[in-house]
Amino acid sequence: MSFEVAVTGMNAATADLEVISNNIANSNTNGFKRSRAEFADVYAASDLGVAKNSTGEGVRVTNVRQQYTQGEVNFTENNLDLAISGGGFFRLNDSSGGVEFSRAGTFGMDRDGYLINGSEQRLTGYQSDDKGKILPTLGEMTIDTSDLTPRASENI
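This is a predicted model, so every value here is computed, not measured.

About the cut-offs
Residues numbered from 1 in each chain as written. Predicted model: local features only at pLDDT ≥ 70, side-chain atom pairs only at ≥ 80, totals over all residues. Heavy atoms only, no water. Pairing = 2+ DSSP bridges. Helix = DSSP H or I, 4+ residues; strand = E, 2+ residues; numbered from the N terminus. Contact = heavy atoms within 4.5 Å. Buried < 20%, exposed > 50% of the residue type's maximum accessible area, 1.4 Å probe, protein only. Core = buried A, V, L, I, M, F, W, Y, C linked by side-chain atoms within 4.5 Å. 1 Å grid on protein atoms, 1.4 Å probe; cavity = no way out; pocket = protein on both sides within 12 Å on 5 of 7 lines; lining within 4 Å. Points joined across faces, edges and corners; volume = space filled by probe spheres on them. Nonpolar A, V, L, I, M, F, W, Y, C, P; charged D, E, K, R; others polar. Phe/Tyr/Trp six-rings, centres within 6.5 Å; stacked < 30°, edge-to-face > 60°. Lys NZ or Arg CZ within 6 Å of the ring centre and 35° of its normal. Patch = residues over 30% accessible without salt bridge, like charges linked within 9 Å, V, L, I, M, F, W, Y side chains within 5 Å. Areas by Shrake-Rupley, 256 points an atom, 1.4 Å probe, with all protein chains shown as cover. Salt bridge = Lys/Arg side-chain N within 4 Å of Asp/Glu carboxyl O. Polar contact = N/O pair within 3.5 Å; in protein donor to acceptor, adjacent residues only side chain to side chain.

Caption draft 1: Broad picture of the pairing of strand β4 (residues 99-102). The sheet contact formed by strand β3 (residues 90-93) and β4 spans four bridges and is antiparallel. Following the sheet pairing, L92 is matched in β4 by E100. Counted between consecutive antiparallel strands, the loop separating β3 from β4 contains five residues, among which G97 sits at a positive phi close to 90°.

Shown next, in the form of C-alpha cells:
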C-alpha cells in the first residue's frame, strides 16, 4: 500500500515537471501563457465511506490550468507587431473561414495587403469609414499601399 502511495507522488511530480518544462520551452514564444499543475489528495475509502482515522492514498493531478496574467510588452523592429495590455485576444480568420483567437501579436502583410500572422491567418477588427470613424462591422484588416490623394492641413 505505501509503495502505491509513493508511486502516486512520483506520477504527480512527473506531471508537474512536464508542465514546468513546457513553460520553459515556450518562454520566448510570443503570446504564450504559462500553465500550472493543480493537485488533490486521494482519500482512503471503503464500502462504508471515509474513515476518520484513515490515511490518504496519495495524490493526483486534478487540472493543468493556464495562467492568463499580463506578460512583458517588448518593442520590436517590425511596425506591424502588436501587443495586448490587459485582457483580450486577437481575432483571426483562418483559411477555411473559421475564427481563431491568439495573444501572439507578430504580424506581417501578405501581397494583397492583409495583416497576417505566421500561420497566414488574417487579423480581423472593426472597420472604419473614409473619415476614420469606427463602424460596428467586423472585417479583415488591410493596409492600403496605393498612392493616396494628398489633403491640405486644416489646423496649425
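From this point, things continue past the structure.
Caption draft 2: How the structure looks around the environment of L92. For L92, the position within the fold is in strand β3. For the pair L92 and I116, spaced 24 residues apart in sequence, the C-alpha to C-alpha distance is 8.4 Å. Setting aside chain neighbours within four positions, we find L92 in contact with G98, V99, E100, S102, F107, N117, Q121, R122, L123 and T124.

Caption draft 3: Broad picture of unusual backbone geometry. Unusually for a residue other than glycine, E120 sits at a positive phi of about 60°. Inspection of the secondary structure assignment puts E120 in the loop between β6 (115-116) and β7 (122-128). Here E120 falls in the exposed class, since its relative accessible area comes to 61%.

Caption draft 4: Spatial organisation of the nonpolar core. Listed in full, the six residues of the largest apolar core are I84, F90, L92, F107, L115 and L123. When near neighbours in sequence (up to four residues on either side) are disregarded, L123 contacts L82, F90, R91, L92, F107, L115, G139, E140 and M141.

Caption draft 5: Structural view of the layout of surface pockets. The calculated volume of the largest pocket comes to roughly 820 Å³. Lining the largest pocket are 28 residues, with T29, N30, G31, E72 and N74 sitting closest to its centre. Y126, Q127, S128, M141, T142 and D144 together form the lining of the second largest pocket. Class assignment of the residues belonging to the lining of the second largest pocket gives a composition of two nonpolar, three polar and one charged.

Caption draft 6: Structural context of the packing of aromatic side chains. Enumeration according to the criterion identifies one aromatic pair in this entry. Cation over ring: R122 sits above Y114, and NZ or CZ is 3.6 Å from the ring centre.

Caption draft 7: Here's a closer look at the environment of E57. Counting through the fold element by element, E57 comes out in the loop between β1 (35-42) and β2 (58-66). In the structure, E57 is positioned 22 residues away from N79 in sequence and 56 Å away in space, judged by C-alpha atoms.

Caption draft 8: Broad picture of a nonpolar patch on the surface. Judged by side-chain polarity, Y68, F89, V99 and F101 come together as a nonpolar surface patch covering roughly 450 Å² of accessible area. With respect to the helices, strands and loops of the structure, F89 is situated in the loop between β2 and β3.

Caption draft 9: Seen up close, the side chain of N93. Inspection of the secondary structure assignment puts N93 in strand β3. The exposure class of N93 is buried, given its relative accessible area of 16%. In this structure the side chain of N93 is engaged in a polar contact, spanning 3.2 Å, whose partner is the side chain of E140. In contact with N93, other than residues within four places in its own chain, are G98, V99, Q121, R122, T124 and E140.

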